[in-house]
Amino acid sequence: MGEQQIKYKRVLLKLSGEALSKGVNGILNYDILKNISQKIKICIGIGVSFGIVVGGGNIWRGSFGKSMDPVRSDHMGMIATVINALALQDILESDGIDTRVMTAIEMNQVAEPYIRNKALSHLNKGRVCIFAGGIGSPYFTNDTAAVLRAAEIRADVVLLAKNNADAVYDKDPNKFLDAHKLTDVKYQNILIDKNLGVMDTTAASFSMNNDIPIWIIGIDDPENIVKAVKGENIGTLIQS
Ligand code: UDP
């Protein structure tokens with residue numbers, strides 16, 4: 001298999017916490033992680049370089065109640081992403097994939113701190129970089145971390161992997177039988193029409209301002225990662 005098969009050479013894959021826990025009572029579903037890892041391995045084999053941002057929603061989202069300090073809640077959420085990143089690293093390494101976890105909040109005994117040039121060096125050596133801890137600041141989301149890291153590592157595209165959805169629709173396909181799948185959407189529409197509900201507006205405006213294409217794909221079938229890097233006609237592409 002040669003490099004001509006691929007549409008993108010460097011991708012930033014965003015995996016939400018919920019995508020990693022689907023179908024189990026606990027916080028992580030080994031079978032899903034293993035399946036994702038094997039698809040990443042296939043992509044690496046055809047010449048794709050991967051940065052990955054993992055979310056933490058499977059472990060912590062929201063708060064105990066209105067009384068909770070939102071900043072503390074977000075600190076907990078960011079730390080949750082590190083647990084997911086280490087789990088993913090373990091499974092990628094068990095598949096023989098050289099991997100580094102880099103955290104936006106320093107945890108030097110556990111993983112490397114995020115340093116942009118170091119990340120580029122890892123990627124250029126063929127390692128997968130898992131970026132954990134969001135952007136390291138409260139009030140942001142991991143979607144924003146994904147688009148920021150994508151800009152920093154000069155990824156060709158962000159693959160925003162969704163569970164329970166395979167694309168953007170004009171209305172909720174779970175509620176409306178006549179919902180239409182949209183194959184191409186402009187950033188402006190994501191900002192104007194909150195019903196599209198695919199990503200937060202901070203992440204959408206950052207991508208628009210920095211011209212980073214975002215491809216919404218379904219992760220219920222991890223084969224979609226392989227299809228996306230080959231440029232197959234799936235999901236929804238969000239761009240200018
Ligand atoms: N978070 C944060 N700063 C960041 C990224 C995430 O404070 O840069 C918090 C976010 O507010 C949430 C938690 O971490 O409470 C988990 O993030 P998110 O909900 O984006 O995870 P996902 O939906 O991707 O699993």
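Scroll up to find the structure.
**A closer look at the overall build of the chain**
A count of helices and strands for the chain gives eight helices and 11 strands. Its C-alpha radius of gyration of 17 Å places the chain within 12% of the 18 Å reference for a compact globule of 240 residues. Scored against the burial criterion, the 240 residues of the chain give a buried share of 50%. Surface exposure of the chain reaches about 11400 Å², of which carbon and sulfur atoms provide 49%. Treating the 26 positive side-chain charges of the chain as one cloud and the 26 negative ones as another, the clouds have centres 3 Å apart.

**Details of the packing of helix H5 (residues 142-152) against helix H7 (residues 201-210)**
Orientation of H5 relative to H7, taken along the N-to-C sense of each, is 20 degrees, at an axis distance of 8 Å. If you check the angle between H5 and H7, you find them roughly parallel. By crossing handedness, the relation of H5 to H7 is classed as left-handed. For the pair H5 and H7, the contacting residues are Asp143, Thr144, Val147, Leu148 and Ala151 in the first and Thr202, Ala203, Phe206 and Ser207 in the second. For the contact of H5 with H7, the class distribution of residues is five nonpolar, three polar and one charged.

**Topic: the packing of aromatic side chains**
For the structure on display, the rule yields two aromatic pairs. Centre to centre, the rings of tyrosine 8 and tryptophan 215 are 6.0 Å apart; their planes meet at 75 degrees, and the pair counts as edge-to-face. Placement of tyrosine 8 in the segment before strand S1 (10-15) and of tryptophan 215 in strand S10 (residues 214-218) is noted, with a sequence separation of 207 residues between them. The class for tyrosine 8 is buried, based on a relative accessible area of 8%. Relative accessible area serves as the criterion here: at 5%, tryptophan 215 is assigned to the buried category. Ring centres of tyrosine 114 and phenylalanine 131 lie 5.5 Å apart, and the angle between their planes is 90 degrees; this geometry places the pair in the edge-to-face category. One end of the pair, tyrosine 114, is in the loop between strand S4 (112-113) and helix H4 (116-124); the other, phenylalanine 131, is in strand S5 (residues 128-132), and 17 residues separate them in sequence. When its relative accessible area of 15% is taken as the criterion, tyrosine 114 is described as buried. Taking relative accessible area as the criterion, phenylalanine 131 reaches 2% and is therefore assigned buried. Positioned above the aromatic ring of tyrosine 114, the side-chain terminus of arginine 149 is 3.6 Å from the ring centre. One cation-aromatic arrangement involves lysine 171 over phenylalanine 176; the distance from NZ or CZ to the ring centre is 5.4 Å.

**Some thoughts on the environment of asparagine 174**
Tracing the chain through its elements places asparagine 174 in the loop between strand S7 (168-169) and strand S8 (181-182). Placed 33 residues apart in sequence, asparagine 174 and threonine 141 show a C-alpha to C-alpha distance of 25 Å.

**Thoughts on the sheet that holds S1**
Taken in spatial order, the nine strands of this open sheet run S4-S3-S5-S2-S1-S6-S10-S11-S9, and their pairing is mixed. Each edge of the sheet is formed by a strand with only one pairing partner; in this case those strands are S4 and strand S9 (184-186). Where strand S3 (residues 99-103) meets S4, two bridges bridge the pair, whose relative direction is parallel. In the sheet register, methionine 102 faces S4, and the bridge partner there is glutamate 112.

**Some remarks on the pattern of salt bridges**
One pass over the full model with this rule turns up 12 salt bridges. A salt bridge links aspartate 95 to lysine 34; the nearest nitrogen and oxygen atoms lie 2.9 Å apart. Within this pair, whereas aspartate 95 is found in the loop between helix H3 (70-94) and S3, its partner lysine 34 is found in helix H2 (residues 30-45), the two being separated by 61 residues in sequence. Note on lysine 34: relative accessible area 18%, which makes it buried. It is possible to trace a salt-bridge network through shared partners that takes in Asp98, Arg100, Glu112, Lys118 and Arg127.

**Things to note about the side chain of aspartate 143**
Inspection of the secondary structure puts aspartate 143 in helix H5. Not counting residues up to four positions away in its chain, the partners in contact with aspartate 143 are Lys14, Leu160, Lys162, Val198, Met199, Asp200 and Ala203.

**Some remarks on the nonpolar core**
In a soluble, globular protein the nonpolar side chains are often hidden away together inside. Counting 42 residues, the largest nonpolar core has Leu15, Ile52 and Leu159 as its most contacted members. Counting residues in hydrophobic clusters, the runner-up holds 30 residues, among them Leu12, Tyr114, Ala119 and Ala145.

What counts and what doesn't
- Residues numbered from 1 in each chain as written.
- Predicted model: local features only at pLDDT ≥ 70, side-chain atom pairs only at ≥ 80, totals over all residues.
- Heavy atoms only, no water.
- Helix = DSSP H or I, 4+ residues; strand = E, 2+ residues; numbered from the N terminus.
- Rg over C-alpha atoms; globule rule 2.2 N^0.38 Å.
- Buried < 20%, exposed > 50% of the residue type's maximum accessible area, 1.4 Å probe, protein only.
- Areas by Shrake-Rupley, 256 points an atom, 1.4 Å probe, with all protein chains shown as cover.
- Lys, Arg positive; Asp, Glu negative; His and termini not counted.
- Charge placed at Lys NZ, Arg CZ, Asp CG, Glu CD.
- Axes fitted to C-alpha atoms, helices over the stretch in contact; angles between N-to-C directions.
- Parallel < 35°, antiparallel > 145°, perpendicular 65-115°, else oblique.
- Left-handed = near helix turned anticlockwise from the far one by under 90°.
- Contact = heavy atoms within 4.5 Å.
- Nonpolar A, V, L, I, M, F, W, Y, C, P; charged D, E, K, R; others polar.
- Phe/Tyr/Trp six-rings, centres within 6.5 Å; stacked < 30°, edge-to-face > 60°.
- Lys NZ or Arg CZ within 6 Å of the ring centre and 35° of its normal.
- Pairing = 2+ DSSP bridges.
- Salt bridge = Lys/Arg side-chain N within 4 Å of Asp/Glu carboxyl O.
- Core = buried A, V, L, I, M, F, W, Y, C linked by side-chain atoms within 4.5 Å.

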